[in-house]
Amino acid sequence: MISRAHWEMSEDGTPVTLYIYDLSKGLAPAISPFLIGEVVEGIWHTSIVIYGKEHFFGSDGISICDPGGTVLGEPQRTVDLGVTYIPRAVFDDYLEGLRSSTFKGDQYKLLKHNCNNFSNELSQFLVGQKIPQYILDLPEHILAKLSGSGFGQQLNGILSNLSASIQPTNGRREDSPDYVQLTSAIEEASGEIFSEVSRYREEQSRMSEPVEVIPSAENGGNHVTSQEVDDLEAEERREREERKKMRDPPVVFRDLLDIRVEFDALVGLIDGKLSPEEMQSLEELHQYMLEDEGSWALGDSFLTFIDRLLHDKTLSEEVAIKTLNVLACAALKDDVILLLHQDRKEHILMNYANEVDRLPLEQQKGLALFMCNLFENISSSEWMLYISEWQLGTTQISNIRVTTKVAVNSLLSDNADLKDRGSAIVHNLACKEKMLQNKNLRRMLPTGSVSKVFDDVAVELTMAILQFFNSSPPEEHLFRCMKALTRFCQISSQDVPQLIQMIGPNPSTFKGKSERIDNCIAEISKKLR
């Protein structure tokens, strides 16, 4: 325990300390490699210690106790954030304001508006700096990795129960009912998680049993061994690391729109036409886009509000256009993935995008801009490639299919702006760095895996590109598509070159347009021999 003298006010100000706890109690490093393919050091809970008290946010709102005085005990580590010169009375007033506004107990959300957001808020108020970024990034990181997984939802529930058990204690921690409850919850979580890991290992073991692939002398012409699978996976990891180093930046449109102009125009169009709940959603959008609040500011009904703006025929068509433009600006923000994951159940955004070929032209342009800008961040670009299907009418659709549909529709449009955005989406899809390019490893993946689906997508996009080539595109659009074609020849090394030869035009037709295009043509030509 740190001595009380540490917190006393001095000429140099009052020290501010971040307490960091691991909710998993050491479990995260052991199980994360099996769940998300990399080591997560901990599931972090944080608090701020100042004026001799520990302050944290949970399902009961803001709580205050003696340092180390919760059921979690002593922190795993501490970080000295600096000193503050803000008087105690001012801090107390500020804390009371948070308690009755943005950090009420009913506003607590484990992965969107949690203890770490609260600690970050206090840190910026007291010392003008954020808490460590690795703590703030963790919820989005976990959510992106586990999205679509049934166990991801299970883990969310387990962690919610653990966080709800964090309470100040009175007397010895071991005698506290909350301590007993937390210990029991951790033990129960450990059993559930390790049970899931065991099941995962069994599935992986079955997947690495002899699988029929391309005949080779080493495997007798029929099967590969699990060692060969491991070798291929190691090769793929090396390829992936190399691609990360050489990652091509996505084509996005950062400066095309002025968010203040677009937001003000939207407000003017819908003024006086919203319910009180919708007015609240509009205010949340204002906080997120113009006041630089995190996406946690967007409430549970926010996407229902967006759905109305996109579909309500009693509103001006311009409303949908301005809504899409605002979303296109939001797509560039680091934490937009949390907004996207709010849509896992209703699929409001992707169901709308699936209607792209029936939308008015200006809405098509706004939609294409939104989807193009989503490639700015790795997590949101991965969201666009999700393969999990859902029923829309009589059709099964998925994010990857809708993304492809928007790309093709835009690329083959007669409108110059749509072609520009379509060529950018095609480029970004082709240059997505996490696509498995090792064809032997892809053959061993189960049916429906991302890379097997992308083989089909590569063929569909290739056909669109070849049709697009007949339209005499400008150099920039031609380069994006030629570069995409180069990648597709690598990803689908049989089907794509055959399509090029069967359908045409031959890429060599465009020799001399620019040096960078000539370099792409040279790479494609190697695959056509």
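First things first, this report covers the structure right here in the doc. For clarity, every value in this text was computed on a predicted model and none was experimentally measured.

Conventions adopted
Residues numbered from 1 in each chain as written. Predicted model: local features only at pLDDT ≥ 70, side-chain atom pairs only at ≥ 80, totals over all residues. Heavy atoms only, no water. Helix = DSSP H or I, 4+ residues; strand = E, 2+ residues; numbered from the N terminus. Areas by Shrake-Rupley, 256 points an atom, 1.4 Å probe, with all protein chains shown as cover. Axes fitted to C-alpha atoms, helices over the stretch in contact; angles between N-to-C directions. Parallel < 35°, antiparallel > 145°, perpendicular 65-115°, else oblique. Left-handed = near helix turned anticlockwise from the far one by under 90°. Contact = heavy atoms within 4.5 Å. Salt bridge = Lys/Arg side-chain N within 4 Å of Asp/Glu carboxyl O. Buried < 20%, exposed > 50% of the residue type's maximum accessible area, 1.4 Å probe, protein only. Pairing = 2+ DSSP bridges.

**As for the overall build of the protein**
Phase 1: When you go through the protein residue by residue, the secondary structure sums to 22 helices and seven strands.
Phase 2: Roughly 24,400 Å² of accessible area belongs to the protein as shown, and the carbon and sulfur atoms make up 48% of that amount.

**What to know about the packing of helix α8 (residues 259-270) against helix α11 (residues 317-330)**
The angle between the axes and the distance between the axes are what describe a pair of packed helices.
Phase 1: For the pair α8 and α11, interaxial distance at closest approach is 9 Å and the crossing angle is 150°. Viewed along their axes, α8 and α11 adopt a mutual orientation that is roughly antiparallel. In this structure, α8 meets α11 at a crossing whose hand is left-handed. Contact residues: α8 offers I259, E262, F263, A265, L266, L269 and I270, while α11 offers E318, V319, K322, T323, N325, V326 and C329.

**Considering the pattern of salt bridges**
Pairing between side chains of opposite charge can happen when the charged atoms of each approach one another.
Phase 1: Applying the stated criterion across every chain yields a total of 19 salt bridges.
Phase 2: The residue K405 makes a salt bridge to D357 at a minimum N-O spacing of 3.6 Å. Of this pair, K405 sits in helix α16 (residues 399-411) while D357 sits in the loop between α13 (348-353) and α14 (361-373), and the two are 48 residues apart along the sequence.
Phase 3: Residue classification places K405 among the partly exposed residues on the basis of a relative accessible area of 27%.
Phase 4: Notably, a salt bridge pairs E362 with K365, separated by 3.2 Å at the nearest N-O pair. Here K365 and E362 lie together in helix α14, a separation of three residues that amounts to about one turn.
Phase 5: Beyond isolated ion pairs, a larger network of salt bridges with shared partners links D420, E475, E476, R480 and R516.

**Some remarks on the pairing of strand β7 (residues 395-398)**
Every regular strand shows the same layout, with side chains that alternate between the two sheet faces.
Phase 1: In this structure, strand β6 (residues 389-392) lies alongside β7, joined through four bridges in antiparallel fashion. Pairing of W390 across the sheet is with I397, part of β7.
Phase 2: Between the antiparallel neighbours β6 and β7 lie two residues, among them G393 with a positive phi of about 65°.

**As for the packing of α8 against helix α9 (residues 276-290)**
Phase 1: Where α8 contacts α9, the axes come no closer than 11 Å and their chain directions differ by 170°. When the interaxial angle is binned, α8 and α9 end up roughly antiparallel. In this structure, α8 contributes I259, R260, F263, L266, V267 and I270 to the contact, and α9 contributes L282, L285, H286, M289 and L290.

**Overview of unusual backbone geometry**
Generally, phi is negative for residues other than glycine and the peptide bonds are trans, each holding for most cases.
Phase 1: Note that the residue after G504, namely P505, is joined by a cis bond; omega there is 0°.
Phase 2: By the element assignment, P505 lies in the loop between α21 (495-503) and α22 (515-528).
Phase 3: Phi angles above zero are rare outside glycine, and Y51 is one such case at about 55°.
Phase 4: If you trace the backbone, Y51 turns up in the loop between β2 (44-50) and β3 (53-58).
Phase 5: Looking at Y51, the relative accessible area reads 14%, which means it is buried.
Phase 6: Unlike most non-glycine residues, H347 shows phi in positive territory, near 55°.
Phase 7: Within the element layout of this structure, H347 appears in the loop between α12 (336-341) and α13.
Phase 8: Take H347: its relative accessible area is 17%, and that puts it in the buried class.

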